[in-house]
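Topology and contacts: notes
If you want the building blocks of each chain, they are given just below.
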Amino acid sequence: MKPNPAFLSVLILALASQAFASYIWIEGEKPSSGTPTKHSWYHDSVKKDSLSGGDFISHFDASQAAEMAYTFQADEAGDYVLWARLNPVRTKISVSINGAKKQEIDLSEATDTQNIASDGKPDLRFLAWVKVGSFPLKKGGNEAVFHFESENSFHGSLDCFFFDNGSFIPQGTLKPDEAEEHRRRQAEANRGWTPWQPGKDEFGESAIDLRALNERFAGEHGHIIARGESLVRSGDGEEIRFWAVNGPPHRLSGQALADCARMLAKHGVNLVRIHGGVYDGKTGALDDAKVKHVREIVAAMKKEGIYSHLSIYFPLWLKPGNEPGWREGADGDKPAFALLFFEKDFQEMYRGWLKAVLSEKDASGISLADDPALAGVELLNEDSFFFWTFGYQNIPLPQMTKLESMFGKWAAKRYGSAAAALEKWNTGHERDSAAEGNLGFRELSAMFTNKTLRDQDTARFLYETQRSFYKDHVAYLRKLKFRGLVTASNWTTANNDILGPLEKLSYTDGDIIDRHGYYDTNHSGDNAGWSLREGHTYSDRSALRFDGLKPGSEKDFSHPAMDTMTNLKPSMISETTWNRPNRYRGEAPLYYAAYGALQGTDAIVHFALDSADWAVKPGYLMQPWTLMSPTQMAQFPAAALIYRKGLISEGALIANVTLTLADAFALKGTTLAQKANLDVLRQADVTGTAEATGGIDPLVSYVGRTNLSIGEKDAKAHVADLGKYIDRGKQTVTSTSGELKLDYGTGILRIDAPAAQGASGNLGQAGSIGLSDLTITSDLDTAHIVAVSLDGKPLRESAKILLQVMTEEKSTGFTTAESGGVRTITSLGTDPWLIREPRGTVTFKRPDASALTVTALDGNGYPRATAANIGNADEIRLDPNTVYYLVEGK
């Protein structure tokens, strides 16, 4: 394949510097004065080939700070921009130029962060480029002095720094006059791909700007409340769906936070889940600064019509040491699993966190409990008595003893005494002590496998204790005058067939039933739960084909987008995504939007917004969830419109399955259950084997709405004839409205609704795809092309249509070695993101198609200055560098 000259020039311009004045480059290891203290681990145990000039300067000394001076020459006087490549991790570094007052370097916007540790460990050994600021230099001799002043051993390191006119954006060790040739080589190596670099958005008029979908400010029409199966605004009763993100990045504040809020609103987001602790991770002591930042986030999002949902407690954020009371027996290493359900002192401290966040008033006299911009509060993230983490292996024995005593009292109330319960059960446990009134807990696997009377009673006790916590704390939030939504938790169980109904039922005193789910990629390697690293392995995996987790395995008919209601209450998925890397990751936004709308899901919260910029590695580590990528955030405009505006019709209630309380407590389980869909981080907590099997075809969720009713009596139950919609022979499933058809044999989703039409998946296999008002052709095996009406009219009549096109993504220089369908990462690559060049045509069938104007737009939705001959609406020829098109008529 010959290189595309147009693409080469685009990539080179995107990556290389523009014309720049002469630059001044100084190596950090060559100061004119200064005596830093070298530390063998900090200085020598690093990848020297990652350093400019093969070395750097570093300081690590608990007794004193360090100062290094550098003298250099400038050919011309003037203002110069200073960039420095230094350690951004828990450091405090200042600089002074030509004797001026020293200036602390703001490390919050560090870019091109690289782990230089020779063993790859994520500790202090990092380097990143930081744009320090603009400084006046004299013609001739100048001096720069760097001060290392960190609290931790005054540590700091400096690889190099340079001055120029600000046009060069550094990357790695490349100097400005070396960068262009490097970028040329990168362009040659990435033929068939185009860079995704929209540039700074000034938020002018844009075809993809969905800010107008949001209210003028969040809460303009009252609090968000649950009404029947839906969420509504209390002021006007209008139903609302939330297309949401976990975020914003915790480091953002001020103008950066405001810009992030505006960017999210533009892309169709109307809720953020603020997910982070407000306390010390060892003692639980309240952190006032974190509480203040929560309020800042809510206020910034409110201005852009974006609601907030608060999640402040996750056991993994709290690892207490051994102290009296709720910390007795803790080892400082294990999370506080299950403790919140029963430990009274801990619950009191927890209520203190809630009160501090919700009740304290701001300068205007408003508390978050009063502010309808705070849509919801989540009581507990990812913890349960019914998950594998519950047991003696994770919970300190002094704490388990408290729970054993509670269980003994519960059994005594039921049977007269703990001894009578043991006699009735005829099943013992090594921790049983009838004399002391304590009863032990069998393994969960034994409970859902054997289902003895003891197991049934144990499950009932755990359920009642867990539900009591949720019920009491819903009441506590109401006591604090919070009028928004309350969600209990969002977790899965050790066996969703048997224990899942009890878990969900324990949530029902809240307003909305929440859960989590990830689409994993067989990702494996050191710390794969929260990072991507060279040497990690993974498998590309398509959800449109229901690919098994491992290459060659059977199809896996389970997916986190499958959303069953509980007792016809509103539903929420507060963490979900397709993990990266995966060349099929671009399936996600349209998949969630289409099937979320079909199933009537009330909130879909994409995980996670770890940056407000299009960075392949926003922080110190490359994470598997990054949302600011072209296949994710860049597809939000059309996806958010489809989901929020209901451009796909809500499906009929196709399955309503019932389970009596008696049968739930007898551990008889349900036929309507799905797999947990855990990410790698929480898969590590699974210590047994039990997958939900159910009894109803899992493809029912791709047909219409489903519900599990759990109650005192049998409710009216039905399961429709699925044979009308599911064809296992042809491997297709069609929604009740006929607007969605999934061919999971080939891996193609067809969307054919009046105001939204398109196709997602292996378009090359399908040939010409004919829809009601469009025909789509492309030879790509993974592409996502959709047209949505922007004026609310059907596509056949609309005068303003967004055509959105996406393929697959990768970072520049990302490489793998493949064996048997498993890929080993050999290079993580760097900025910018690349997308495979779109190819194909889109034809509008309207009689006036030739009269419609088609404008190619850039990544921010503004008209492109240059674009290939894209034709008009009777045949739009997809441009290799264009994702958005505006189609307009009179």
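Look a little higher up for the structure.
Everything numeric in this text was worked out from a predicted model, so none of it was measured.

Quick word on the overall build of the protein
Secondary structure assignment for the protein yields 16 helices and 43 strands. A globule of 890 residues ought to have a C-alpha radius of gyration of about 29 Å, and the protein, at 29 Å, matches this closely. Structurally, the protein occupies a C-alpha span of about 95 × 80 × 60 Å along its principal axes. The buried share among the 890 residues of the protein stands at 60%. Contacts in the protein between residues far apart in sequence, at least 24 positions, make up 74% of those at least 6 positions apart. Looking at the protein as shown, the accessible area adds up to about 33200 Å², and 48% of this sits on carbon and sulfur atoms. Separation of charge centres in the protein, based on 96 positive and 113 negative side chains, amounts to 3 Å.

Some points on the pattern of salt bridges
This structure, assessed with the given rule, holds 48 salt bridges. Ionic pairing is found between Arg414 and Asp457, a salt bridge with its closest N-O pair at 3.4 Å. With a gap of 43 residues between them, Arg414 in helix α7 (residues 397-415) and Asp457 in helix α10 (residues 453-479) connect regions that are remote in the sequence. When its relative accessible area of 3% is taken as the criterion, Asp457 is described as buried. Between Glu464 and Arg460 there is a salt bridge, with its nearest N and O atoms 3.3 Å apart. A residue pair is termed a helical-turn pair when its members lie 3 or 4 positions apart in one helix, as Glu464 and Arg460 do in helix α10 at four residues. The class for Glu464 is partly exposed, based on a relative accessible area of 32%.

Description of a negative patch on the surface
Residues Glu104, Asp106, Glu109 and Asp613 make up a contiguous surface patch of negative charge. Within the secondary structure, Glu109 is located in the loop between β6 (103-104) and β7 (111-115). Look at Glu109 and you get partly exposed, because its relative accessible area is 41%.

Brief notes about the sheet that holds strand β39 (residues 830-836)
The strands making up a sheet associate through backbone hydrogen bonding, with each pair oriented either parallel or antiparallel. Across the sheet, which stays open at both edges, the three strands sit in the order β11-β39-β36 with antiparallel pairing between neighbours. The two strands at the open ends of the sheet, each matched to only one other strand, are β11 (193-196) and β36 (809-812). Mean inter-strand twist for the sheet, computed between neighbouring axes without regard to direction, equals 45°. Relative to β39, β36 runs antiparallel, the two being bridged by four bridges. The residue bridging Ser811 from the neighbouring strand is Trp833, located in β39.

A short note on the side chain of Asp556
Tracing the sequence through the fold places Asp556 in the loop between β20 (537-538) and β21 (565-566). Setting aside residues no more than four positions away along its own chain, Asp556 makes contact with Arg541, Phe546, Asp547, Gly548 and Lys675.

Section: the sheet that holds strand β37 (residues 815-819)
Here three strands make up an open sheet; going across it, the order is β20-β38-β37 and the pairing antiparallel. Taken across any chain shown, the strands that pair with only one partner, and hence form the sheet edges, are β20 and β37. Pairing analysis gives five bridges linking β37 to strand β38 (residues 822-827), with the strands arranged antiparallel. Bridge pairing links Ser819 to Val822 in β38.

Structural notes on the pairing of strand β34 (residues 783-789)
Most of β34 is tucked away, with seven of its seven residues classed as buried. By the alternation rule, side chains of β34 split into Ala783, Ile785, Ala787 and Ser789 and His784, Val786 and Val788, which are all buried. With six bridges joining them, β34 and strand β35 (residues 800-806) adopt antiparallel strand pairing. From the neighbouring strand, His784 faces β35, where its bridge partner is Met806.

Structural notes on the layout of surface pockets
One number sums up the size of the second largest pocket: a volume of about 850 Å³. Around the second largest pocket sit 36 residues that line it, and Gln114, Asn115, Glu534, Lys617 and Leu828 are the ones nearest its centre. A total of four residues in the lining of the second largest pocket trace back to one element, the largest contributor, which is β7. Of the residues belonging to the lining of the second largest pocket, the class tally is nine nonpolar, 17 polar and 10 charged.

Rules used in this analysis
- Residues numbered from 1 in each chain as written.
- Predicted model: local features only at pLDDT ≥ 70, side-chain atom pairs only at ≥ 80, totals over all residues.
- Heavy atoms only, no water.
- Helix = DSSP H or I, 4+ residues; strand = E, 2+ residues; numbered from the N terminus.
- Rg over C-alpha atoms; globule rule 2.2 N^0.38 Å.
- Buried < 20%, exposed > 50% of the residue type's maximum accessible area, 1.4 Å probe, protein only.
- Contact = heavy atoms within 4.5 Å.
- Areas by Shrake-Rupley, 256 points an atom, 1.4 Å probe, with all protein chains shown as cover.
- Lys, Arg positive; Asp, Glu negative; His and termini not counted.
- Charge placed at Lys NZ, Arg CZ, Asp CG, Glu CD.
- Salt bridge = Lys/Arg side-chain N within 4 Å of Asp/Glu carboxyl O.
- Patch = residues over 30% accessible without salt bridge, like charges linked within 9 Å, V, L, I, M, F, W, Y side chains within 5 Å.
- Pairing = 2+ DSSP bridges.
- Axes fitted to C-alpha atoms, helices over the stretch in contact; angles between N-to-C directions.
- 1 Å grid on protein atoms, 1.4 Å probe; cavity = no way out; pocket = protein on both sides within 12 Å on 5 of 7 lines; lining within 4 Å.
- Points joined across faces, edges and corners; volume = space filled by probe spheres on them.
- Nonpolar A, V, L, I, M, F, W, Y, C, P; charged D, E, K, R; others polar.

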